[in-house]
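Inside the fold
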Amino acid sequence: MRRVQAVLLAAVLAVAMSGCKVMQRISEGSYRNAVTDGVVAELKKRGIPLKARPSCKTPKTGDTVRVSCTARTKAGQPVVVTGVARDADSAHPVEEYTVTVAGRQVLDQGCLGLGCS
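Given the structure is predicted, the values throughout are model-derived calculations rather than measurements. (Residues numbered from 1 in each chain as written. Predicted model: local features only at pLDDT ≥ 70, side-chain atom pairs only at ≥ 80, totals over all residues. Heavy atoms only, no water.)

**Some remarks on the nonpolar core**
Here is the rule we go by: We call a set of buried Ala, Val, Leu, Ile, Met, Phe, Trp, Tyr and Cys residues a nonpolar core when their side-chain atoms join them within 4.5 Å. Here's how the labels work: a residue is buried when its accessible area is under 20% of the maximum for its type, exposed when over 50%, partly exposed in between, all with a 1.4 Å probe on protein chains only. Only DSSP runs of H or I reaching four residues or more are called helices, and only runs of E reaching two or more are called strands; each is numbered from the N terminus. A contact between two residues is defined here by any heavy atoms of the two lying within 4.5 Å.
Counting 21 residues, the largest nonpolar core has Val-35, Leu-43 and Val-79 as the members making the most contacts within it. Of all elements in the fold, only helix H2 (21-45), strand S3 (64-72), strand S4 (78-86), strand S5 (94-101) and strand S6 (104-109) reach the threshold of two or more residues within this core. Excluding residues that lie within four positions of it along the chain, Val-79 makes contacts with Leu-43, Leu-50, Cys-69, Thr-70, Ala-71, Arg-72, Thr-73, Val-99, Thr-100 and Val-101.

Okay, here's the thing in C-alpha cells:
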C-alpha cells in the first residue's frame, strides 16, 4: 500500500475509534506530514529544491479529506499543492494531487513520494 494511503487510513481509523479532538488533530497532522514528505520527494526528483517544508491545511468533510499546501522554491518561486482523498473512511481511498510551481503544473497524479509510480 502506498505510504500516504497507509498514513491516511491509520489517521481515519484513529479518529473513528477515538472520537477525541486530540486524536483528530494528531491524525490530521500525520496526514499533512505524509503529504509534505511526498511533495518534497516528488519535487526533489524533478530537480526543484524547496526553501522549507510546505505548510499544509486539511479541512475534512465527511469521507473526503482535502489538503492544500504552500511553499517556495529555493529560487523564490511559489509552490501550491492541492490534494483530495475521497472515500477516506474506506480501506481503499482514492487520492489525487496537483502541484504547481510559479503557476506551472509540474505534477498531477494519484500518489506522492516513495512507492509512487
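**Examining the state of the cysteines**
Stated precisely, the cut-off is as follows: Only a pair of cysteine sulfur atoms within 2.5 Å qualifies as a disulfide here.
Taken as a whole and judged by the stated rule, the model has 1 disulfide. Across the disulfide, Cys-56 is cross-linked to Cys-69 (sulfur-sulfur distance 2.0 Å). With the S-S dihedral at roughly 105°, the linkage between Cys-56 and Cys-69 falls on the right-handed side. With a gap of 13 residues between them, Cys-56 in strand S1 (residues 55-57) and Cys-69 in strand S3 connect regions that are remote in the sequence.

**Topic: the confidence of the model for the protein**
For the record, the criterion: Every residue is assigned a pLDDT by the predictor, reflecting its confidence on a scale from 0 to 100.
With 75% of its residues at a pLDDT of 70 or more, the protein shows a mean pLDDT of 79. Summarising per-element confidence for the protein, the mean pLDDT is lowest in helix H1 (residues 3-18) (46) and highest in S6 (95). Confidence drops under pLDDT 50 across residues 6-26; counting only partners more than four residues distant or on other chains, this segment forms 21 contacts.

**Some details on the environment of Gly-38**
Relative to the elements of secondary structure, Gly-38 occurs in helix H2. You can call Gly-38 buried: its relative accessible area is 3%. In the structure, Gly-38 is positioned 74 residues away from Leu-112 in sequence and 4.6 Å away in space, judged by C-alpha atoms. Not counting the four nearest positions on each side in its chain, Gly-38 is found in contact with Leu-112 and Gly-113.

**Some remarks on the pairing of S5**
We apply this condition: Whether two strands pair comes down to DSSP finding at least two bridges between them.
Burial along S5 is one-sided: Glu-95, Tyr-97, Val-99 and Val-101 are buried, and none of Val-94, Glu-96, Thr-98 and Thr-100, which face the opposite way, are. When S4 meets S5, the two strands line up antiparallel, connected through 8 bridges. Counted as the bridge partner of Val-81 is Val-99 from S5. Across 5 bridges, the pairing between S5 and S6 is antiparallel. Bridging across to S6, Val-101 finds its partner in Arg-104. Where S5 hands over to S6, the hairpin turn is made up of 2 residues, of which Ala-102 adopts a positive phi near 50°.

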